[in-house]
Amino acid sequence: MKLMIASDIHGDKDSCLMMRAAFEAERADKLLLLGDLLYHGPRNDLPSTYAPKEVIKILSAIKEHLICVRGNCDTEVDQTVLPFPMLSDTAFLHVDGIDIFAAHGHHACPDALPPLPRGCVFASGHTHIPLCTERDGILCLNPGSISLPRGGFPKSYMIFENRAFTAKSFDGTVIFEHEM
């Protein structure tokens, strides 16, 4: 299975359209969204193409491919307008023999990992900065942000295929690669 991982849309219609185009171009089977889908939150600048109702339409069109976890900017009212589940704080996936624990990153994070077995992958967003590091035998990954990147990084997402994680910008530049 080919898995695309993205985070922190924050209601940005144009970035969501770029993400969906990348999902289709990558020919991924599933899209794991690591939270903060519709709203920008009080600490973030308003994206220039902020249009949460349009983001709802874009994501709804691919709802059968989505796996989502809730971010700190997501609320219960969001679930009333989204036709796919997004209120779970975590998700656990077993893909190609790899265990992936997904969370947004505002509670559990690389500096405060949940009790996971060695060899597990911890995927989170929240910081808007791509990350690939190992902590106590757990691979910690962050795809960055598709709408409001920080740390001088471009808008980015991650692909998991053939037991390898690759973070990319939307122009195809590889930010990091990690083979399992």
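Conventions used here
- Residues numbered from 1 in each chain as written.
- Predicted model: local features only at pLDDT ≥ 70, side-chain atom pairs only at ≥ 80, totals over all residues.
- Heavy atoms only, no water.
- Helix = DSSP H or I, 4+ residues; strand = E, 2+ residues; numbered from the N terminus.
- Rg over C-alpha atoms; globule rule 2.2 N^0.38 Å.
- Buried < 20%, exposed > 50% of the residue type's maximum accessible area, 1.4 Å probe, protein only.
- Areas by Shrake-Rupley, 256 points an atom, 1.4 Å probe, with all protein chains shown as cover.
- Lys, Arg positive; Asp, Glu negative; His and termini not counted.
- Charge placed at Lys NZ, Arg CZ, Asp CG, Glu CD.
- Salt bridge = Lys/Arg side-chain N within 4 Å of Asp/Glu carboxyl O.
- Contact = heavy atoms within 4.5 Å.

Caption draft 1: Quick peek at the overall build of the protein chain. Broken down by element type, the protein chain carries three helices and eleven strands. Over its C-alpha atoms the protein chain spans a radius of gyration of 15 Å, differing by no more than 12% from the 16 Å that the globule rule assigns to 180 residues. Projected onto its principal axes, the C-alpha positions of the protein chain cover 40 × 35 × 30 Å. Out of the 180 residues belonging to the protein chain, those deemed buried represent 52%. Accessible surface, the protein chain: about 8100 Å² in total, of which carbon and sulfur atoms supply 51%. Between the averaged position of the 16 positive side-chain charges in the protein chain and that of its 23 negative side-chain charges there is a distance of 4 Å.

Caption draft 2: Expanded view of the pattern of salt bridges. Inspection of the entire model under this criterion finds eight salt bridges. One salt bridge in this structure joins Lys57 and Glu54, with 3.3 Å as the shortest N-O distance. Taken as a pair, Lys57 and Glu54 lie in helix α2 (residues 52-60) at a separation of three residues, close to a single helical turn. Look at Glu54 and you get partly exposed, because its relative accessible area is 32%. Overlapping salt bridges bring together Lys2, Glu26, Glu161 and Lys168 as one network.

Caption draft 3: Main features of the side chain of Thr166. Tracing the sequence through the fold places Thr166 in strand β10 (residues 164-169). In this structure Thr166 comes out as buried when scored by relative accessible area, which is 12%. The residues touching Thr166, leaving out its near neighbours within four places in the chain, are Tyr157, Met158, Ile159, Val174, Phe176 and Glu177.

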